[in-house]
Structures are given as structure tokens and as C-alpha cells.
Number of protein chains: 2
Amino acid sequence: MAEFDLIADIRSRAASSPFVDLGIGDDAALLSSLLLEGGKQLVVTKDVVMDGTDFLIEECGYRAAGRKALAVNLSDMAAMGGEPVVGFVGLVLPKVVSQREALELMSGIEELAREFKTVIAGGDTNSWDGKLAVSVTLLGRVAKGRAVTRSGAQAGDIICVTGALGGSILGHHLTFTPRVTEASWLASRYAIHAMMDLSDGLSSDIQHLIHESKVGTILDATLIPVTNDAKTLSQTSGRSAVDHALHDGEDFELLFTLAPEEYRRLAEDDSKPCQVYAIGEVTDDRESRIRREDGVIETLVVGGYRHSLGE
Amino acid sequence: MAEFDLIADIRSRAASSPFVDLGIGDDAALLSSLLLEGGKQLVVTKDVVMDGTDFLIEECGYRAAGRKALAVNLSDMAAMGGEPVVGFVGLVLPKVVSQREALELMSGIEELAREFKTVIAGGDTNSWDGKLAVSVTLLGRVAKGRAVTRSGAQAGDIICVTGALGGSILGHHLTFTPRVTEASWLASRYAIHAMMDLSDGLSSDIQHLIHESKVGTILDATLIPVTNDAKTLSQTSGRSAVDHALHDGEDFELLFTLAPEEYRRLAEDDSKPCQVYAIGEVTDDRESRIRREDGVIETLVVGGYRHSLGE
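Residues numbered from 1 in each chain as written. Chains lettered and ligands numbered in written order. Predicted model: local features only at pLDDT ≥ 70, side-chain atom pairs only at ≥ 80, totals over all residues.

## Details of the nonpolar core
Within the largest apolar cluster, 204 residues are counted, with the highest numbers of intra-cluster contacts made by A:Val134 and B:Val134. Dropping the residues within four chain positions of it, B:Val134 is found in contact with B:Val48, B:Val49, B:Ala65, B:Gly66, B:Ala69, B:Val89 and B:Leu91. (Core = buried A, V, L, I, M, F, W, Y, C linked by C-beta atoms within 7 Å. Buried ≥ 20, exposed ≤ 12 C-beta atoms within 10 Å, placed from the backbone. Contact = placed C-beta atoms within 7 Å.)

## Regarding the domain arrangement of chain A
The accessible area lost on association of the parts is a frequent measure of interface size. Residue and element names in this part refer to chain A. By the assigned domains, chain A splits into domain 1 (3-142) and domain 2 (158-299). Spacing between the C-alpha centres of domain 1 and domain 2 amounts to 28 Å. Between domain 1 and domain 2, the residue contacts involve 16 residues of the former and 14 residues of the latter. If you list the elements that add at least two residues to the side of domain 1 that touches domain 2, you get helix H2 (57-79) and strand S4 (83-94). For the side of domain 1 that touches domain 2, the element with the most residues is H2, which contributes 11 residues. Tallied by class, the residues present in the side of domain 1 that touches domain 2 amount to 11 nonpolar, 2 polar and 3 charged. (Domains from an automatic or database assignment. Helix = DSSP H or I, 4+ residues; strand = E, 2+ residues; numbered from the N terminus. Nonpolar A, V, L, I, M, F, W, Y, C, P; charged D, E, K, R; others polar.)

## Notes on the interface of chain A and chain B
Taken together, the contact pairs 71 residues of chain A with 71 residues of chain B. Counting residues per element, the side of chain A that touches chain B draws most heavily on strand S3 (residues 41-50) of chain A, which supplies 9 residues. Residue classes in the side of chain A that touches chain B are distributed as 29 nonpolar, 24 polar and 18 charged. In this structure, S3(A) lies alongside strand S2 (residues 29-31) of chain B, joined through 3 bridges in antiparallel fashion. Along S2(B), the bridge assignment pairs A:Val43 with B:Leu30. (Pairing = 2+ DSSP bridges.)

## What about the packing of helix H2 (residues 57-79) of chain B against helix H3 (residues 99-115) of chain B?
Residue and element names in this part refer to chain B. Viewed as axis vectors pointing N to C, H2 and H3 meet at an angle of 40 degrees, and their least axial separation amounts to 7 Å. Judged by the inter-axis angle, H2 sits oblique to H3. Viewed along their axes, H2 and H3 form a crossing whose handedness is right-handed. Here H2 contributes Tyr62, Arg63, Ala64, Ala65, Gly66, Arg67, Ala69, Leu70 and Ala71 to the contact with H3, which in turn contributes Glu101, Glu104, Leu105, Met106, Ser107, Gly108, Ile109, Leu112 and Ala113. A breakdown of the residues in the contact of H2 with H3 according to their chemical character gives 11 nonpolar, 3 polar and 4 charged. (Axes fitted to C-alpha atoms, helices over the stretch in contact; angles between N-to-C directions. Parallel < 35°, antiparallel > 145°, perpendicular 65-115°, else oblique. Left-handed = near helix turned anticlockwise from the far one by under 90°.)

## Observations concerning the pairing of strand S8 (residues 192-197) of chain A
Moving residue by residue along a regular strand, the side chains alternate between the two faces of the sheet. All names here are of chain A. S8 sits mainly inside the fold: 6 of its 6 residues count as buried. Bridging between S8 and strand S10 (residues 254-258) involves 5 bridges; their strand directions are antiparallel. Paired with isoleucine 192 across the strands is leucine 258, a residue of S10.

## Considerations on the environment of A:Gln275
Residue and element names in this part refer to chain A. Its place among the elements puts glutamine 275 in the loop between helix H9 (260-267) and strand S11 (277-283). The partly exposed category is assigned to glutamine 275, around which 13 C-beta atoms lie within 10 Å. Distance in space between the C-alpha atoms of glutamine 275 and glycine 163 is 6.1 Å, their sequence separation being 112 residues.

## Comments concerning the sheet that holds strand S8 (residues 192-197) of chain B
All names here are of chain B. On the basis of which strands lie adjacent, the open sheet formed by 7 strands has the order S8-S10-S7-S11-S9-S12-S13 and mixed pairing. Looking at the sheet topology across the chains shown, the edges are occupied by S8 and strand S13 (297-299). Neighbour to neighbour, the strand axes of the sheet diverge by 25 degrees on average, direction disregarded. Strands S8 and strand S10 (254-258) of the sheet are contacted by H2, whose axis makes an angle of about 170 degrees with S8. Here helix H6 (residues 202-213) sits on the sheet and contacts S8, strand S9 (216-220), S10 and strand S12 (288-291); the angle it forms with S8, its principal contact strand, is near 140 degrees.

## Brief notes about H6(B)
Residue and element names in this part refer to chain B. The end-to-end C-alpha separation of H6 is 16 Å, in line with the 16 Å expected for 12 residues at 1.5 Å each. All buried positions along H6 are accounted for by Leu202, Ser203, Ser204, Ile206, Leu209 and Ser213. Those residues of H6 that are buried lie in contact with S8, S9, helix H8 (241-247) and S12. Of the residues one or two after H6, lysine 214 is the one with positive phi, at around 55 degrees. (Expected span 1.5 Å × (residues − 1).)

## Some remarks on the environment of B:Ala14
Residue and element names in this part refer to chain B. Inspection of the secondary structure assignment puts alanine 14 in the loop between helix H1 (3-13) and strand S1 (20-22). Sequence-wise, alanine 14 and glycine 122 are 108 residues apart; in three dimensions their C-alpha atoms are separated by 9.4 Å. Ignoring any residue separated from it by four or fewer positions in sequence, one finds alanine 14 in contact with Gly23, Ile24, Val119 and Ile120.

## As for the sheet that holds strand S13 (residues 297-299) of chain A
Either a parallel or an antiparallel arrangement is found when strands of a sheet pair, and the pairing is made through backbone hydrogen bonds. All names here are of chain A. Taken in spatial order, the 7 strands line up as S8-S10-S7-S11-S9-S12-S13 in an open sheet, and their pairing is mixed. Each having just a single partner strand, S8 and S13 make up the two edges of the open sheet. The sheet shows a mean angle of 25 degrees between the axes of neighbouring strands, direction not considered. As judged from the 3 bridges shared by strand S12 (residues 288-291) and S13, these two strands associate in the antiparallel manner. Its bridge partner lying in S13, isoleucine 290 is registered against glutamate 298. The sheet strands contacting H9 are strand S7 (158-161), S10 and S11, and the helix crosses S7 at an angle near 35 degrees.

This is the structure:
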């Protein structure tokens, strides 16, 4: 099987889009200026997923791996309040991967893309004697000035998450629905000061919020929603379910902050498309802390999943 | 060394751009609608390079590997007649790579980016127990309708290349200058019907031109310019220098077609920024052929480098 055949197959299945003037099959793709009409900003996310790190291909299969490659990018897009439009896929396939498996991987990407009205408009295909890696670049858009960054949190803000955390290794990390709809709903109706998605784990990700917004945070252990999977793990791990919620990572829920009066309005809003849990507040120092179940406040030690280089 | 430190280092060195509203450090990058002002089209290229396939990291070092990761994308951008603007880098690093080596790789990217007025605005950093892969996505722009695709070649066109071919394995594949300036010069002054860059090898790449333009081609073996490296290889390989020029690949010269009268004007143009070699012509069948030194016309068999999947 040759690369050219695979690309022809992928191309024959590609959906059309009013924004894609030229898709798969040339040296590059061409997108229409309509994409940014009305002064919109272009939102670009790029995330690579890899066998052994982000999934175990022998266990999850090619479709789930492909799905995740796009899903993590959609999650980043959501975290900016962006509307996904066009995706590009770089396949790095082990030589033993068959065309059927490669197309299954693409199907995982394409099915999720369809769900979020996103079109695959290009990329490249490679094979080697190494392991599977899938690099996705996602382009989207947002009305100028309406993107929600990590840098807008203010002292006194309430910190919220959109769902229960922890234990995603039991399956959620492959099956999660990126919070694109929820983020767009939130950002268009409420004055969200800062937003990000939870990928490395709450205790780790919140460091980025602290760093970018130049604030501190104090979480309340009794308020952090934990998944049933976190509870299941805690039965044998020797760690509490809250500990799993704080450090496991790969939750792909949104973390956001907003003023207390905005939060109260949101809490009472019956039209919310998802749960919203207030889990702490923003402070004016630069500390990351947690109020434990017994009321004791301590430093929140980063224990989340962290890609390490050279260690 | 942690991923976060590396990103902080990369971020601290990032250049600014009037098109980048928000660069490295958030969930996504934000680019200004100015990028497509005046109805420009967005040009997107995505190419992954890998250790053992596109370079041997032990031999070439991190700087050269990084340079090539961007260079192959700039070459694709050139082939569309596009102006590169913003790059995104996905690093997949073996765990043994040190921060110094990772930054050296980034330096290789950044130096070439500067040369082509391109800014690195985002990406992601990962490590694993696999080999090195670098995924670059390059965004650029082109005036609407001025992109040069692979599909516009017409019967009777002259087929040209911008430089001598073959033997790139001796070094050129790492050190080539992407033909961005030359492509822009050509596309703005001459009615170029079709253009692409030569990456897999002339005999292989020309198949794409035939396929997309629904034409045939006949090359003239006596007109194909060969590099000194191709000649050097031919002394020990048992293959002719022209054979190397046809099949070696990784030349990263432009292949383009234009009407005979346009070609004559170009051939006499003393302001050309590069050599232009007429190497054959476009025919109205769908055949890929070559006129050998003895005048015999035969089918041009694809023998260029080809990524193979599952073989």
C-alpha cells in the first residue's frame, strides 16, 4: 500500500466547506478570506498525540486514537471560546499499519469533525519504523476581542469547572466530548474572565492560570466534584478520590473564573448546557493553595501528569 | 527538565508580528483578520519530518533537523506562490533529549523563520520513548486567485525546474534554501500554469502534475540539469547521473509549466533570481514519458523516494 492511495482515499471522503477553496491534494490548502470576515480573529491550536503517552494503540484501536487526536484540539479551541472550522492531520504511522487501520484512524477523526462541523482540509502522511503519532492543527475563529484567555482572572473571582474530575484513565480520556458548545454558550452569555481546559490535571493546570493572570488561587477540597472513576481508583490506589481529581489529568473539562455576582446569575440559570461547580476562588497573591476537608489551608502541590523532557 | 521550562524559553525568544494577537502560552494562538485583509486567501501547509526518514539526528544534529522541519513547509508554501507568515511547531522528543538540544532544534527553526519573515506563534511539546519527530504547520497568504496549484498545466506547456537535481542525500536535503522568493517572483511576472516543489523525486512528483492537471508529460533526458552530487553518486552507484536526478528526491526545487511564448520571455529575462531549465513539455495524453539520450521515448518509471505504508 502506498501513501498516494491512502491520501486518495482520505480525499475522496473529505467534506466540503464554504471556507475551503482548495483542500487535500496540492502542496497546500487554500482557505477563503470569508473565514475572518467582519474582523474575526483566527484561532489556531496544535496538539500531537502519541502511542504509549496519550493512548495505547493495542488496547484502544485506531478509531479511538484518531478521535482523541482531534478531540484534544477541539478542547483547546473550546477553551478559547473559538468556533472550530478546519483541521489538518499529520499522520506518523508505523510501517506495520495497514491501509484499513489508517483509514479507521481517519474515520475516528472525521466522525468527530462532522459532529463539530469541522472539515479536514489537508495534512501529510508518513510511515517509519517508530511508533504511532498523530499531529492535528485546528483552525477556528472568534469574534474580535471575545476570545477567553488564561490571563484575565481577577482576585475575588469564583473558580468553576464544568464537570467531575479524576480517574479518566479508566476511559474518559478517550471518550470525552470536547466542551465546544458549552464554552461558546458560557462566553456569549457571561463575563468569563479566564478560561482553559483541564488536560494535565487541575493542580498542574491551575499553575498556568496563576502564571498568566498574575493571581493566586485557593481551592476547596469539599467542593471539587469527583467522578465515579476517581472513587473506583481510590479504593485500590491508596489515594483519596479528591487526590485523583486534583492530579490525574486528561479530564478535558473547562476551568473558568468569573466575578461572584456573575457566578450567582450563572448558578441560577436553568438553561445551562452543563453542570457548573464552584470549586474555589482567585486571590491576590501568587500562591496555589487548597482548603482541606478539615479546614486546614495548605499549598497545593503539583502532582498532575506532566510531560517530562530529559529526565 | 520540564516541558513548562522549555516552553517558557521558546516563548521568551519568540518574535512579534502584526498578525499575531496572542502567541505562545495560552490554549491557542489568535491571529488578526489583517492577515486576510483585501480578500486574501489563507495558505496552509503541514509537513512532519522524522528521525531515520528525513534526517539522521546522530549525524546532522538538532539545529539542522529543526531547520529542515520548517524548510520543507516553506518549500510547499513557495510551490503555491504563497507568502509565509506564521508557523506552529509540534515537538515529539525522545526522553533523552536535553533542554539544550531541544532549544538547538528550535534555533534551527527560528533562524530560518527569521530569514523568511515568519514568526513561530505556537505549538506543543511532548516527550516519549520513541524517536524524534517534528511537525510544523505553516500559515501564509496569497492574493485571491493568484495561488499556483498543480492542476493548471496545459498541453503544449514547457516544463521547467529552478535548479539541478539529484544526489541531495550528500547534504542538499538539509541545507537547501526554500524557493519562496523565486516562486513569488515567477508567479507575479509570468503566467505560470502549474507549480509544485520536488520532494519525492522528479519521476514521482510529476505523477501528481499529470493526475491533477489531467495531462501527460514528456521529459528530455539531455535537458535535465544534474548536480555535481548526482555525478559523484553515479561514479559508484552503477546508475547514471540523470537517473539520480530523476529519482533521488528531496531536491526542493520548483517544477512549473507555462506556455511556450511565456517561457521564451522568461528565458530571456536577465532579472531572473534563479536558473530556469526547460526539461520537457506537457502533452494531451495521460502518460509520463522520457526521451532518452539516444532519442528513444519510453515510459518514465517511478523510482523516486516514496513513503510506503504497510509494506
